[in-house]
Amino acid sequence: MSVYKKEYFGIARKIVSNMTAESWEQIPHVTMSYDADVTDFLNEYKKLNEGVTDRSQKITINTVMMKVICEGLKAAPKMNSTLSFRRKLVRGSLKYHDNIDISMPMILKTGEMMTVNMHDMGNKTLIQMTDAINDTIRRANNSDMNEVMYEVSLDNTLTGLKNGKIAQTLRRLYGSKMPGRHKVHSLSGEEKKKYYSIPETERLTKHDIEQGTTTISNIGSVYKEQKGCCFLLEIIPPQTTAFAVNSVQKRPVVAVDENGNEIIEIRAILPITVAIDHRALDYGDCVPFFEKLDEIFQNPAVIQSWK
């Protein structure tokens with residue numbers, strides 16, 4: 001078998017690989033798909049941007065769907081929880097959170113993928129959410145992502161040391177700082193001093209990268225021509241849920257005409273993938289979430305009040 005290229009993981013890929021491996025090793029995932037009929041919803045969405053000429057100020061469908069999921073989480077607060085579980089002692093606890101802090105993967109201008117924490121999105125209007133996302137993108141493009149990720153990685157390593165994970169800490173330090181191709185390179189000297197002289201209002205910090213209370217990935221925004229939906233979706237501990245917003249697709253749907261007869265119509269369907277940690281949640285805990293989504297998509301004019 002011939003090899004034409006060998007690529008060594010940078011710090012961002014190392015962190016993602018470690019977190020996703022930990023996810024599948026520890027968490028019994030349950031995934032389900034919610035097929036939202038967004039035919040009328042999209043018409044209401046278009047009204048949100050009427051009269052807006054500045055493209056950067058336009059409310060994206062990604063932002064609206066994030067708001068939809070936040071409203072669902074408000075109706076099912078157990079889905080916005082984090083889990084502590086010790087399997088050997090069979091001891092567990094859930095922490096319920098007032099704020100909905102969303103871990104949101106985003107693609108930077110460099111082509112790199114970065115997951116940022118959009119804080120307190122559940123209490124923001126659509127305009128405030130748009131401003132927060134735009135500001136995060138602006139600061140991300142001013143940031144040295146290796147340095148930000150190194151800050152986060154070092155903080156996680158030190159936290160692990162405080163929690164008695166000495167062997168894990170030593171392995172991580174060896175894997176990231178020993179000379180060689182796998183060494184993680186961070187800023188030093190004048191370069192580091194210059195970078196950290198940039199105000200925190202102009203760059204990302206570990207506060208922007210720390211884990212949220214849930215994760216929402218917008219797969220449809222990456223590939224709008226996607227057919228079908230995401231089936232497997234990793235939950236990043238200690239979060240207990242994760243969501244994927246897929247692309248809008250035209251599908252035949254059973255509808256009811258004005259005479260009460262069932263007919264087949266072509267409708268716009270947006271699948272939403274939902275993953276839950278079965279140690280923390282059962283399907284019944286999610287029913288209020290789905291009921292809230294039903295309510296929103298059946299009465300889509302409600303999104304005008306979110307602006």
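Overview of the structure. Note on numbering: residues in each chain are counted from 1, in written sequence order. Given that this is a predicted model, residues contribute local features only at a pLDDT of at least 70 and side-chain atom pairs are listed and counted only at 80 or more, while totals for whole chains, interfaces and linings are drawn from all residues. Excluding hydrogens and water, the side-chain values take into account all heavy atoms of the structure.

1. Describing the pattern of salt bridges
Should their charged atoms come close, side chains of opposite charge can pair.
Thought 1: By convention in these notes, a salt bridge is any Lys or Arg side-chain nitrogen within 4 Å of a carboxyl oxygen on Asp or Glu. Counting across every chain of the model gives 15 salt bridges.
Thought 2: Measuring nitrogen to oxygen at the nearest pair gives 3.5 Å for the salt bridge that ties D285 to K78. Taken together, the residues span a long stretch of sequence, with D285 in helix α10 (residues 283-298) and K78 in the loop between α3 (61-75) and β2 (81-86) at a distance of 207 residues.
Thought 3: The cut-offs for exposure are 20% and 50% of the maximum accessible area for each residue type, with area from a 1.4 Å probe on protein chains only; residues under the lower value are buried, those over the upper are exposed, and the others partly exposed. Assessed through its relative accessible area of 22%, D285 is described here as partly exposed.
Thought 4: We classify K78 as partly exposed; its relative accessible area is 24%.
Thought 5: The closest approach of N and O atoms between D135 and R138, which form a salt bridge, is 2.7 Å. Residue D135 and its partner R138 are located together in helix α4 (residues 126-140), separated by 3 residues, close to a single helical turn.
Thought 6: In the salt-bridge network here, residues are joined through shared partners; they are D135, R138, R139, E202 and D208. Helix numbering and strand numbering both begin at the N terminus, where a helix is a DSSP run of H or I of at least 4 residues and a strand a DSSP run of E of at least 2.

2. Overview of the side chain of Q239
Thought 1: Tracing the backbone shows Q239 in the loop between α9 (219-222) and β7 (241-245).
Thought 2: For Q239, a relative accessible area of 1% corresponds to the buried category.
Thought 3: Within polar-contact distance, the side chain of Q239 engages the backbone oxygen of G212 at 3.0 Å.
Thought 4: Contact between two residues is taken to exist if any of their heavy atoms lie within 4.5 Å; hydrogens are not considered. Excluding residues within four positions of it along the chain, Q239 makes contact with S81, T82, S103, Q211, G212, T213, T214, T215 and D277. Residues adjacent in sequence count toward polar contacts only when both atoms are side-chain atoms; beyond that, a polar contact is any pair of N or O atoms within 3.5 Å, and within protein one must be able to donate a hydrogen and the other to accept it.

3. Description of helix α2 (residues 39-48)
Thought 1: Taken together, the buried positions of α2 are F41, E44, Y45 and L48. Mapping the buried residues of α2 onto a view down its axis gives an arc of 105°, with all of them on the same face. When we speak of the arc, we mean the arc of directions from the helix axis to the C-beta atoms.

4. Looking at unusual backbone geometry
Thought 1: For the bond running from P237 to P238, omega is 10°, close enough to zero to count as cis.
Thought 2: One non-glycine residue, V90, lies in the positive phi region at around 50°.
Thought 3: In this fold, V90 is placed in the loop between β2 and β3 (91-96).
Thought 4: With a relative accessible area of 64%, V90 lands in the exposed category.

5. A short note on the pairing of strand β9 (residues 262-277)
Thought 1: Strand pairing requires that DSSP identify at least two bridges connecting the strands. In this sheet, β9 lies alongside strand β1 (residues 29-37) in antiparallel orientation, the contact comprising 9 bridges. Within β9, the position partnered with T31 by the bridge is A275.
Thought 2: As paired elements, β7 and β9 share 5 bridges and run antiparallel to each other. If you follow F243 over to β9, its bridge partner there is V274.
Thought 3: The pairing of strand β8 (residues 249-256) with β9 spans 8 bridges and is classified as antiparallel. From the neighbouring strand, V256 faces β9, where its bridge partner is E262.
Thought 4: In this structure, the hairpin formed by β8 and β9 is closed by a connection of 5 residues, where G260 is found at a positive phi of approximately 85°.

6. Some remarks on a nonpolar patch on the surface
Thought 1: Taken together, the side chains of I107, M113, V222 and Y223 present a nonpolar region at the surface, about 420 Å² in accessible area.
Thought 2: Considering the arrangement of structural elements, one finds V222 in helix α9.
Thought 3: V222 sits in the exposed class, given a relative accessible area of 60%. Nonpolar side chains (Val, Leu, Ile, Met, Phe, Trp, Tyr) within 5 Å and like charges within 9 Å form the patches, drawn only from residues with over 30% relative accessible area and no salt bridge. Surface accessibility in these figures is a Shrake-Rupley result with a 1.4 Å probe; residues are shielded only by whichever protein chains are displayed.

7. Points about the nonpolar core
Thought 1: Ranked by size, the top nonpolar core spans 59 residues in total, and within it F41, M79, I102, V274, F289 and F297 carry the most contacts.
Thought 2: Only buried residues count toward a nonpolar core. Its members are Ala, Val, Leu, Ile, Met, Phe, Trp, Tyr and Cys residues joined through side-chain atoms within 4.5 Å. One finds C230, L233, A242 and A275 within the second-largest nonpolar core, a separate group that totals 7 residues.

8. A short note on the packing of α3 against α10
Thought 1: Where α3 contacts α10, the two axes come as close as 7 Å, and the packing angle between them is 135°. What the angle tells us is that α3 and α10 run oblique. For the pair α3 and α10, the sense of crossing is right-handed. On the side of α3, the interface is formed by M65, V68, I69, E71, G72, L73 and A75, while α10 contributes P288, F289, K292, L293, I296 and F297.
Thought 2: Classification used: nonpolar for Ala, Val, Leu, Ile, Met, Phe, Trp, Tyr, Cys and Pro, charged for Asp, Glu, Lys and Arg, polar for all others including Gly. Residue composition of the contact of α3 with α10, grouped by class: 10 nonpolar, 1 polar and 2 charged. Angles run from 0 to 180 degrees between N-to-C directions of axes, and those axes are lines fitted to C-alpha atoms, restricted for helices to the stretch in contact. Reported orientations rely on four angle classes, namely roughly parallel under 35 degrees, roughly antiparallel over 145, roughly perpendicular from 65 to 115, and oblique for the rest. By definition, turning the near helix anticlockwise from the far helix through less than a right angle yields a left-handed crossing, and turning it clockwise yields a right-handed one.

9. What about the side chain of N246?
Thought 1: You can see N246 is positioned in the loop between β7 and β8.
Thought 2: For N246, a relative accessible area of 2% gives the class buried.
Thought 3: Among the polar contacts listed, one links the side chain of N246 to the side chain of Q226, at a separation of 3.0 Å.
Thought 4: A polar side-chain atom of N246 sits 3.2 Å from a polar atom in the side chain of T273.

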